[in-house]
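# Observations on the three-dimensional arrangement
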Amino acid sequence: MFGADLAARIRTVQQLGDLTQAMRQLAAARQRQAAENFAGLERYAAATLSALQRGLALLSKQQSAPKQSGTSQRLLVVCLSEHGFVGALNETLVSKVVHVMAEAPSQLFVLGKRGLRHVEERGLSAHETASMPTTLGSVSRTASDLVERLFDRVSSGEVAEIEVVFAWLRGSVSYEPICQRLFPPHVLPAAYDGEPPLHTLPVEKLTARLLEEYVFAQVTWMIASAFACEQAARFSAMDASHRNLQEQLGELRQQERAERQDSITSEILEVATASSLLAESHHDK
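Just so it is clear, the structure is predicted and the values come from calculations on it, not from any experiment.

Helix and strand counts for the protein stand at five helices and five strands. Reading the secondary structure of the protein in the N-to-C direction produces α-β-α-β-α-β-α-β-β-α. For the protein, buried positions account for 37% of its 285 residues. Considering only contacts in the protein between residues 6 or more positions apart, those separated by 24 or more positions represent 81%. Counting only carbon and sulfur atoms, one obtains 53% of the accessible surface of the protein, whose full area is about 16400 Å².

Here is the structure:
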């Protein structure tokens, strides 16, 4: 009979394999949904950008931009993972943060509880934190809360510039860490060939609302991209782990068969030896 320790190890590996398979399937489903939603949010962000460009073109050339307080600072928002099992995603993004902050001092706003640990391990201090969405349905709510907090800090004059570091979804399972300017936006006024669009709101109020919508669209798009990349990274990590466990399970089962065969062979030899001894005993009689 094969060893009890080997049987227990096989059961453990099987259970781990079932767990990683379940996590792999869940991450794949969420990543697929997020990727589909991401395409729509890209179009939404592009539409708000076009609208803001048109709104800026309506502003009088004589208007000057409001002066920012000398005590205002740059705020760097980083979208990390809320949970673990994402491979090198957080390390890659935190390395990008370190590089960006080396260029200019910034306050750090961290999204993602799991990612916050990596920030602290690198010796960085988060000025403010928040959770990343754990479901696709909570992406817009997270974005809305973040935009409200950012505009409060801009309105108070505490922050003059905002940049966001996040994982940009490339294809279906790959990503790239990027840093993008959020506020004030690098948006040039549109050039009108014909008549400018009709509007009922005062130009200043219209442009302010378009700016708010633009920022919300951009933040939603960035968070959705980060969410999709978290799922893609988790799928890749769980897929690799599942394959590794399947290989281990195959080796253990092969070892189990070998031990069982050795046990059977040993029993046959014992029976054959006993039969031979009995035969010799009868012959001597």
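Once the structure has been displayed, the description carries forward.
Another aspect to go through is the pairing of strand β2 (residues 107-111). Looking along a regular strand, one sees side chains alternate from face to face of the sheet. With respect to burial, β2 is a largely interior element, five of its five residues being buried. Burial of β2 is two-sided: the residues Gln107, Phe109 and Leu111 facing one way and the residues Leu108 and Val110 facing the other way are all buried. Here strand β1 (residues 73-79) runs beside β2; their pairing, made up of five bridges, is parallel. Bridge assignment links Val78 to a residue of β2, and that residue is Val110. Chirality of the crossover, the property in question, places the unit of β1, helix α2 (residues 89-103) and β2 among those that are right-handed. Pairing analysis gives three bridges linking β2 to strand β3 (residues 128-130), with the strands arranged parallel. Each residue of the ladder has a partner; that of Phe109, found in β3, is Glu128. Viewed along the sheet, the connection from β2 through helix α3 (residues 113-121) into β3 turns out right-handed.

On to the pattern of salt bridges. Enumeration over the complete set of coordinates arrives at eight salt bridges. Linking Glu128 and Arg149 is a salt bridge whose minimum nitrogen-to-oxygen distance equals 2.6 Å. Linking Glu128 in strand β3 with Arg149 in helix α4 (residues 139-155), this pair joins segments that are 21 residues apart in sequence. The salt bridge involving Glu158 is made with Arg153; its shortest N-O contact spans 2.9 Å. Overall, Arg153 belongs to the buried group, its relative accessible area being 7%. Each of Glu128, Arg149, Arg153 and Glu158 takes part in salt bridges that share partners, so that together they form one network.

Glancing now at unusual backbone geometry. The peptide bond linking Phe183 to Pro184 adopts the cis configuration, its omega dihedral lying at -15°. Looking at where Pro184 falls in the secondary structure, it is placed in the loop between β5 (174-183) and α5 (203-284). Even without being a glycine, Phe85 presents a positive backbone phi close to 60°.

Another point: the sheet that holds β2. In space, the five strands of this open sheet follow the order β3-β2-β1-β4-β5, with mixed pairing throughout. The strands lining the two open edges of the sheet, one partner per strand, are β3 and β5. This sheet shows a mean twist of 20° between the axes of neighbouring strands, independent of strand direction. Sitting on the sheet, α4 touches β1, β2, β3, β4 (159-170) and β5, and the angle it makes with β2 is about 165°.

So, on to the side chain of Glu163. Mapped onto the fold, Glu163 is located in strand β4. Residue classification places Glu163 among the buried positions, given a relative accessible area of 13%. Apart from the residues lying within four places of it in its own chain, the contact partners of Glu163 are Arg74, Leu75, Leu76, Val77, Val100, Cys179, Gln180, Arg181 and Leu182.

The next point concerns the confidence of the model for the protein. As a note on interpretation, predicted positions should not be read in detail where pLDDT is low. Looking at the protein, the pLDDT average stands at 84 and 88% of residues meet or exceed 70. Across the protein, element-level confidence peaks in β2 with a mean pLDDT of 96 and bottoms out in α5 with 83. pLDDT under 50 marks residues 64-70. Its contacts with residues more than four places away, or in other chains, come to three contacts.

Once that is clear, we can look at the environment of Ala88. Positionally, Ala88 belongs in the loop between β1 and α2. The sequence separation of Ala88 and Ala233 amounts to 145 residues, and the corresponding C-alpha distance is 8.0 Å.

Our next topic: α2. The first and last C-alpha atoms of α2 sit 22 Å apart over 15 residues, in line with the 21 Å expected at 1.5 Å per residue. Along α2, the residues classified as buried are Leu89, Asn90, Leu93, Val94, Val97 and Val100. Mapping the buried residues of α2 onto a view down its axis gives an arc of 120°, with all of them on the same face. Turned more than 90 degrees away from the buried face of α2, the exposed residues are Ala102 and Glu103.

Reading the values: the criteria
In every chain, residue numbers begin from 1 and rise along the written sequence. Residue-level local features of this predicted model are given only where pLDDT is at least 70; pairs of side-chain atoms are given and counted only at 80 or more, and the full residue set underlies all totals for whole chains, interfaces and linings. Calculation of side-chain values draws on the structure's entire complement of heavy atoms; hydrogens and water are dropped beforehand. Every helix listed is a DSSP run of H or I at least four residues long, and every strand listed is a run of E at least two residues long, numbered separately from the N terminus. Each residue is placed in one exposure class: buried if its accessible area under a 1.4 Å probe, protein chains only, is under 20% of its type's maximum, exposed if it is over 50%, and partly exposed if it falls in between. The contact rule is simple, with two residues in contact once any of their heavy atoms fall within 4.5 Å. The protein chains shown are the only cover counted for residues, whose accessible areas, like all others here, come from Shrake-Rupley with a 1.4 Å probe. Strand pairing is defined by DSSP finding a minimum of two bridges between the two strands. When the strands point away from the viewer and the path from the first strand over the helix to the second turns clockwise, the crossover is right-handed. By definition, a salt bridge exists where a carboxyl oxygen of Asp or Glu is found within 4 Å of a side-chain nitrogen of Lys or Arg. Axes here refer to lines fitted to C-alpha atoms; in helices the fit is confined to the stretch in contact. Angles between the N-to-C directions go from 0 to 180 degrees. Values of pLDDT, which run from 0 to 100, indicate the predictor's confidence residue by residue. Between the first and last residue of a helix there are one fewer steps than residues, each counted as 1.5 Å, and that sum is the expected span. The directions from the helix axis to the C-beta atoms are what the arc is built from.

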